Amino acid sequence: MPLTSLTAWKSLFEQMNININDVDNNQKQSILIINGSGGVGSIATQLAHLAGLKVIATAGKAEAKAWELSHWVDYVVDYHEDLVKQVNDLGFKKVNYILELSNLNFYWPVITKLIAPFGKIVSTTGSGRNLDFSSLKSRMVSFGWEWMYAKSWYQTPNMISQHEILDKVSKLLDEGKIKSTLTKTLTPINADNLRTATKKVESKHMLGKVVVKNN
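Residues numbered from 1 in each chain as written. Predicted model: local features only at pLDDT ≥ 70, side-chain atom pairs only at ≥ 80, totals over all residues. Heavy atoms only, no water.

K.L.:
Could you give an account of the sheet that holds strand β6 (residues 142-145), naming the residues involved and the relevant values?
P.N.:
Read across the sheet, six strands follow the order β3-β2-β1-β4-β5-β6 without closing on themselves; strand pairing throughout is parallel. Each edge of the sheet is formed by a strand with only one pairing partner; in this case those strands are β3 (75-78) and β6. Averaged over all pairs of adjacent strands, the angle between their axes in this sheet comes to 20°, without regard to strand direction. As paired elements, strand β1 (residues 30-34) and strand β2 (residues 54-59) share four bridges and run parallel to each other. Paired with Ile31 across the strands is Val55, a residue of β2. (Pairing = 2+ DSSP bridges. Helix = DSSP H or I, 4+ residues; strand = E, 2+ residues; numbered from the N terminus. Axes fitted to C-alpha atoms, helices over the stretch in contact; angles between N-to-C directions.)

This is how it looks when you write it as structure tokens:
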């Protein structure tokens, strides 16, 4: 849980500046999470729901859709189909926040069409090369990268916040307000199991997280 929880928490509550405690106001806001069934997506959907946001997430297979709904997604949209039309058909002309967790370059046209004025976009993937930001200027949309290691890598003064976030996540888990995203455990730690785990992640169809341990 630590890496994915830090990434999700920082994306939502630091980069997007969402107040997790302002549920009443957040209930008027919406978020689109691209790849809500992966490791980060599976915790981000729960945290966004906990904050009171209307949560929309992308999925492909029926299994992934069911997984997302069980992790407090309000609406699932099929990434094989027209995402803009699907979101619009749900009654959302635009969304206030977009968390991109799968192929920024590919989804950029969708993102730029759906983000609302003064909206916030955060991406954890892609190079961002040759992206056209021009349509976002008049809407005063904010864009940010999220890299979980930034604080520790650069030894920033606020590095202790990583510890504080993990304490909060641990408390939420203990209280049952969020749940673990673990879906597969492989034992022991050996070359075969490491290859199997890596293949599952690289398949891009992994639900939640896989763990390799000795016992």
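K.L.:
Run through the side chain of Arg139, naming residues and quoting values.
P.N.:
Summarising the element assignment, Arg139 is placed in the loop between α7 (134-137) and β6. Although Arg139 is buried, it forms no salt bridge, and the closest oppositely charged side chain is Asp132 at an N-O distance of 9.6 Å. If sequence neighbours within four positions are ignored, Arg139 has contacts with Lys94, Thr112, Lys113, Ile115, Ala116, Pro117 and Phe118. (Buried < 20%, exposed > 50% of the residue type's maximum accessible area, 1.4 Å probe, protein only. Lys, Arg positive; Asp, Glu negative; His and termini not counted. Salt bridge = Lys/Arg side-chain N within 4 Å of Asp/Glu carboxyl O. Contact = heavy atoms within 4.5 Å.)

K.L.:
Provide a residue-level description of the packing of aromatic side chains, including the pertinent values.
P.N.:
Scanning the entire structure with this criterion turns up nine aromatic pairs. Put simply, the rings of Trp108, Phe133, Phe143 and Trp145 touch in pairs and so form one group of aromatic residues. (Phe/Tyr/Trp six-rings, centres within 6.5 Å; stacked < 30°, edge-to-face > 60°.)

K.L.:
Tell me about the pairing of strand β4 (residues 95-100), residues and numbers included.
P.N.:
Judged by how many residues are buried, β4 sits mostly within the fold: five of six residues are covered. Sheet analysis places β4 next to strand β5 (residues 115-123), joined by five bridges and oriented parallel. By the bridge assignment, Glu100 is partnered in β5 with Ser123. Since β4 and β5 lie parallel, the crossover through helix α6 (residues 104-114) that links them has a hand, and here it is right-handed. (Right-handed = clockwise from strand over helix to strand, strands pointing away.)

K.L.:
I'd like a rundown of the environment of Lys113, residues and numbers included.
P.N.:
Turning to its location among the elements, Lys113 is positioned in helix α6. The spacing of Lys113 and Arg139 is 26 residues in sequence and 11 Å in space, taken between C-alpha atoms. Once residues lying within four places of it in the same chain are set aside, the contact partners of Lys113 are Val84, Lys94 and Arg139.

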